[in-house]
Every structure is written in C-alpha cells, then in structure tokens.
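# Observations on chain architecture
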Amino acid sequence: MRDVLIVVLVIAVGLGGAFYASRFMMKRAMRRVVALFRATGAVDPKGAVTAEQLGLVKANMFGRMFKARDYGPDALNLLAQAGVIKGTADGRLYLSEADLEHSTVKTFA
C-alpha cells in the first residue's frame, strides 16, 4: 500500500511540475514575442511585419521531431487572441502597446 502511495505522489508531482514548466515557457515566449515586435519596430500599422519575418511560424512535422518545442507561434496566437497583436488588411502584424498595457494577459508576471 505504501509503494502505491509513493508512486501516486511521484506521478502527481511530475504532472504538477510539467504544468508549471509549460506555463513558465509560454510566459517566456510571450516576452520574447513582444521583444521581437519592439526590436523590429512593428509597433504600429506602418511598421507591421509578417510572422515569417519574425520567425514565428510552426515548423513542419519533420522539423519538430528533432528540436525542442518552440512556444513562439503559440504565444503569438495567444497575444493575437487577447488583442495585443493586431493585423493589417494585407496580413501583416504589429504590437499595440496601448492594448498590451491594459491587457489581461500577464506576459511579465
């Protein structure tokens, strides 16, 4: 009985650790995405860039097999859903500093 309890405890700690590690990596990727937009000057519609120019596209299946997970494209999608990343009519993207300031997405927490 004691062995089963230890195994269950180890599994629970492992799952909790995986959850918090994933959350940490996503927050780090969100900070990186915001920094990329700022570094390229894509903070208004005139300076908008494509996700490809920023290197924020998902790799193909073969590329993902041999590399660590890239949270950048997922962070970009999350920021876009929160209204922090805006799009132009021609499909380019830019960072809205005003919306980032008032966003509920905690990129720096």
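Structure: see above.
Our focus in this paragraph is the overall build of the protein chain. When you go through the protein chain residue by residue, the secondary structure sums to five helices and two strands. The N-to-C order of helical and strand elements in the protein chain reads α-α-α-α-β-β-α. On the principal axes, the C-alpha backbone points of the protein chain span a range of 65 × 35 × 20 Å. Here the protein chain holds 109 residues, and 29% of them are scored as buried. Of note, the protein chain has its 15 positive side-chain charges centred 5 Å away from the centre of its 9 negative side-chain charges.

For side chains bearing opposite charge, pairing can occur when the charged atoms are close. Counted according to the given criterion, the structure contains six salt bridges. Where Arg32 meets Asp70, a salt bridge forms, and the shortest distance between an N and an O atom there is 3.3 Å. Placement of Arg32 in helix α1 (residues 2–40) and of Asp70 in the loop between α3 (61–65) and α4 (72–81) is noted, with a sequence separation of 38 residues between them. Judged by relative accessible area, which is 37%, Arg32 ranks as partly exposed. With relative accessibility at 40%, the residue Asp70 sits in the partly exposed group. The partner of Arg92 in a salt bridge is Asp90, and the shortest N-O contact between them spans 2.9 Å. The exposure class assigned to Arg92 is partly exposed, which follows from its relative accessible area of 25%.

Calculation rules
Numbering of residues starts from 1 in every chain and runs along the sequence as written. The predicted nature of this model means local features are confined to residues of pLDDT at least 70 and side-chain atom pairs, given and counted, to a pLDDT of 80 or more, with totals for whole chains, interfaces and linings taken over all residues. Side-chain figures throughout are based on the complete set of non-hydrogen atoms in the structure, without hydrogens or water. Here a helix means four or more residues in a row that DSSP labels H or I, a strand means two or more in a row labelled E, and each is numbered from the N terminus. Residue burial is assigned from relative accessible area. The probe radius is 1.4 Å, only protein chains are included, and a residue is buried under 20% of its type maximum, exposed over 50%, and partly exposed in between. None of His or the chain ends enter the tally, which takes Lys and Arg as positive and Asp and Glu as negative. To locate a charge, take NZ of a lysine, CZ of an arginine, CG of an aspartate or CD of a glutamate. By definition, a salt bridge exists where a carboxyl oxygen of Asp or Glu is found within 4 Å of a side-chain nitrogen of Lys or Arg.

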